[in-house]
Amino acid sequence: PVAFSLTPGSAGFSPTGDQVMDTMKIGLTYGPRDSVTAWKLEILDVDLLAQKTFRGDGSSLPRTVSWNGKNDAGVLSQEGKYTARLSVEYGSAFKPGTTMSTPFVLDITPPTGSVTLSEPLFSPIEASPSITLSVSASSRLAKIVSWKMEIYDPENHFFRGFDSKWPAH
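Given the structure is predicted, the values throughout are model-derived calculations rather than measurements.

Definitions and limits used
Residues numbered from 1 in each chain as written. Predicted model: local features only at pLDDT ≥ 70, side-chain atom pairs only at ≥ 80, totals over all residues. Heavy atoms only, no water. Phe/Tyr/Trp six-rings, centres within 6.5 Å; stacked < 30°, edge-to-face > 60°. Helix = DSSP H or I, 4+ residues; strand = E, 2+ residues; numbered from the N terminus. Buried < 20%, exposed > 50% of the residue type's maximum accessible area, 1.4 Å probe, protein only. Salt bridge = Lys/Arg side-chain N within 4 Å of Asp/Glu carboxyl O. Pairing = 2+ DSSP bridges. Axes fitted to C-alpha atoms, helices over the stretch in contact; angles between N-to-C directions.

Colleague: Describe the packing of aromatic side chains, with residues and values.
Modeller: This structure, assessed with the given rule, holds eight aromatic pairs. Pairing Phe-13 with Phe-104 gives two aromatic rings, centres 6.5 Å apart and planes at 55°, and the pair type is tilted. Of this pair, Phe-13 sits in strand 2 (residues 12-13) while Phe-104 sits in strand 9 (residues 104-106), and the two are 91 residues apart along the sequence. Owing to a relative accessible area of 3%, Phe-13 belongs among the buried residues under this scheme. A connected cluster of aromatic rings, assembled from ring pairs, spans Phe-13, Trp-67, Tyr-82 and Phe-104.

Colleague: Go over the pattern of salt bridges with me, naming the residues and quoting the values.
Modeller: In total, this model carries five salt bridges according to the counting rule given. One salt bridge in this structure joins Asp-72 and Lys-52, with 3.9 Å as the shortest N-O distance. With Asp-72 in the loop between strand 6 (64-67) and strand 7 (80-89) and Lys-52 in strand 5 (residues 50-57), this residue pair connects regions lying 20 residues apart in the sequence. Relative accessible area serves as the criterion here: at 47%, Asp-72 is assigned to the partly exposed category. Across the pair Arg-140 and Glu-79 runs a salt bridge, and its minimum N-O distance is 3.2 Å. Pair noted here: Arg-140 is in the loop between strand 11 (133-138) and strand 12 (146-152) and Glu-79 is in the loop between strand 6 and strand 7, with a separation of 61 residues, a long-range link. Arg-140 sits in the exposed class, given a relative accessible area of 66%. Taking the relative accessible area as the measure of exposure, Glu-79 reaches 25% and is therefore partly exposed.

Colleague: Got a sec to walk through the sheet that holds strand 3 (residues 24-29)? Specific residues and values, please.
Modeller: Ordered by their spatial adjacency, three strands build an open sheet running 1-3-6, and the pairing between neighbours is antiparallel. On the outer flanks of this sheet lie strand 1 (5-8) and strand 6, each paired with one strand and no other. This sheet shows a mean twist of 20° between the axes of neighbouring strands, independent of strand direction. Of the pairings in the sheet, the one linking strand 3 to strand 6 comprises four bridges and is antiparallel in character. Residue pairing across strands places Gly-27 opposite Thr-64, the latter belonging to strand 6.

Here it is, written out as structure tokens:
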């Protein structure tokens, strides 16, 4: 048996054009590189239908392939879970093989959320110099991993900032 693999660079990506996680990088290993005669990487939807196909011969063995979320027709694929499938041919040296990646998510819909204040007005010099901010958010597909909040005064000067990891539960 020949050891080859493919590894998504993250659990998901968001090809929105904002230059933040716009592509999914997939790491490829082929086993004995000098024996590879052809390779094919397919991005598969949940129904295992190929949305995007990359291919090459033994002279072009990229260590990573970057998918921008577009299918073979150049149209952005639908939001959802995807997997990658790598097929490698070795000529007469070894039997051909196929392997699948772990699933990853294509998500372009931002999470929704809200902030609730314990008091409608706040003044740090009044008798009650604190306020409680409650944050809630959800995402249909992707896991929320962190959050950031910035508070500005009426003249748009930065007052206070908060950020944290999203709770695991």
